[in-house]
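Commentary on secondary and tertiary structure
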Amino acid sequence: MPLTPSDTAPRIALVGATGAVGTTLIELIEERGFPYREIHLVASARSAGRELTVDGRSYRVAALDTFDFSTVDLAFFSAGGSVSRKWAPAAVAQGALVIDNTNAFRMDPATPLVVPQVNAHELDRRPDSGIIANPNCSTIPLVRLLRPIEDRWGIRQAVVSTYQAASGRGHAGMAELREATRVTLENPTGDAPAEEFTPTLAFNVIPFVDELLESGFTLEEQKMLQESRKILGVPHLDVTTTCVRVPVVNCHSEAAWIECADVVDRDELVRLLAAQPEVTVHDRDAIGGFPTPRTAGDPDHVHVGRIRVAPHNPRGFWLWLVSDNLRIGAALNAIQIAEALTERGTL
Ligand code: A2P
């Protein structure tokens, strides 16, 4: 029974409970039987009073501005960077430990940036900032594969292109893709909605995710470099990325070219990747033998296929990965952080 009278189960708050990641957090709490003593669902004043169900019980959504974080032990934040910047430190000051799904604190030296399959040791003690950051949605599946590759062959460079789904922009992003697709099918030359994604994402691909930096890279591309270095603890790791939005509702994909210090044996690479926790290798060349956002399978696994060591350069190889960005890239990673904290007694 996830709602438990046990004194050791945490009292939790979900900030952004009505959003795409918040809704996925609720699903995962139910599916995984995550134990809690109390649960509070928090969103903007617009949603206050709305009823949501968790584990068969109905809860009223509370407004963030008036929520008292001294009533909870653990708060999950997934309501956007500006909300976290303002409210996560306030929640910590009131005594809660925060797991933050946004970009707000990821590069803060006092805040660990954690993918439990890679660097769970960061959770052995309570962080100085009181916040544990959940990494970027494309970074999480990538570092889960880069870790064993770095340890075995040493990475010289990783060149990555992402194919990112509309759900990265939450409910509004998914709704806009659906509506823009419908409008374009009815009138191919008309104006389709283009607010969340500009130009419109319907029947399009957009090589631009998040804001543009002076360097010419986007913030999303910079996050993938900086966060990979921090999570893996390899400060000079050479990862370079082009982040692309594609008209897929949910599930990010990535094509990664990884060049190592040593020659890579393909069979050993396949075995190594298949041995990683919650990773599925699709090692067949036939159609259907590679993962796609629609067909990959278990949404709680990172799916990898198209594994090709380059004949002209056997230090380098290509991987194609697919992972559910709302789960692996956000809510599941956050729940796995909470589970690891519970196991360690550091909550
Ligand atoms: P609300 O539904 O009340 O707007 P998504 O990622 O799907 O866009 O969802 C964003 C989540 O963040 C929603 O739960 C949304 O609540 C919440 N949110 C957005 N802005 C605020 C805010 N200023 N204060 C509290 N919650 C917010």
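Residues numbered from 1 in each chain as written. Predicted model: local features only at pLDDT ≥ 70, side-chain atom pairs only at ≥ 80, totals over all residues. Heavy atoms only, no water.

**As for the domain arrangement of the chain**
Often the size quoted for an interface is simply the accessible area lost on bringing the parts together. Under the domain assignment used here, the chain contains domain 1 (11-135 + 330-344) and domain 2 (139-165 + 205-325). With 18 residues of domain 1 at the interface, the matching set in domain 2 holds 15 residues. Summed over both sides, the interface between domain 1 and domain 2 buries roughly 1,400 Å², with carbon and sulfur atoms accounting for 61% of that surface. For the domain 1 face of the interface with domain 2, the top three residues by lost area are Met107, Gln117 and Val118, together amounting to 35%. The tally of links from domain 1 across to domain 2 stands at one salt bridge. (Domains from an automatic or database assignment. Contact = heavy atoms within 4.5 Å. Buried area = accessible area lost by both parts, 1.4 Å probe. Salt bridge = Lys/Arg side-chain N within 4 Å of Asp/Glu carboxyl O.)

**A few points about the side chain of Thr18**
By the element assignment, Thr18 lies in the loop between strand 1 (11-15) and helix 1 (20-32). Residue contacts for Thr18: discarding those within four places in its chain leaves Thr23, Ala43, Ser47, Arg50, Leu52, Val61 and His171. (Helix = DSSP H or I, 4+ residues; strand = E, 2+ residues; numbered from the N terminus.)

**Thoughts on the pattern of salt bridges**
Taken as a whole and assessed by the stated rule, the structure comprises 18 salt bridges. Residue Asp128 is joined to Arg125 by a salt bridge in which the shortest nitrogen-to-oxygen separation is 3.3 Å. The pair Asp128 / Arg125 is uniform in exposure class, with both members exposed. The salt bridge involving Arg266 is made with Asp283; its shortest N-O contact spans 2.6 Å. Residue Arg266 is found in helix 7 (residues 266-274), and its partner Asp283 is found in the loop between strand 12 (279-282) and strand 13 (302-310); the two are separated by 17 residues along the sequence. Owing to a relative accessible area of 28%, Arg266 belongs among the partly exposed residues under this scheme. (Buried < 20%, exposed > 50% of the residue type's maximum accessible area, 1.4 Å probe, protein only.)

**Focus: the site of the ligand**
Taken together, 15 residues form the shell around the ligand, and within it Thr18, Ala20, Ser44, Arg46 and Ser47 come nearest. Residue His171 places a main-chain N or O atom 2.9 Å away from an oxygen atom belonging to the ligand. Isolated, the ligand exposes 570 Å² of accessible area, and the fraction of that covered by the protein chains is 71%. Counted by class, the shell around the ligand contains six nonpolar, eight polar and one charged residues. (Near = heavy atom within 4 Å. Polar contact = N/O pair within 3.5 Å; in protein donor to acceptor, adjacent residues only side chain to side chain. Areas by Shrake-Rupley, 256 points an atom, 1.4 Å probe, with all protein chains shown as cover. Nonpolar A, V, L, I, M, F, W, Y, C, P; charged D, E, K, R; others polar.)

**Points about the sheet that holds strand 8 (residues 131-133)**
The six strands are arranged 5-2-1-6-7-8 in an open sheet whose pairing can be described as parallel. In this open sheet, the two strands that pair with only one neighbour each are strand 5 (62-63) and strand 8. The sheet contact formed by strand 2 (residues 38-43) and strand 5 spans two bridges and is parallel. In the strand pairing of strand 5, Ala43 is matched with Ala63. Where helix 1 meets the sheet, it contacts strand 1, strand 2 and strand 6 (74-77), and its direction lies at approximately 150 degrees from that of strand 1. Relative to strand 7 (residues 97-100), helix 8 (residues 327-344) is tilted by about 150 degrees, and along the sheet it contacts strand 6, strand 7 and strand 8. (Pairing = 2+ DSSP bridges. Axes fitted to C-alpha atoms, helices over the stretch in contact; angles between N-to-C directions.)

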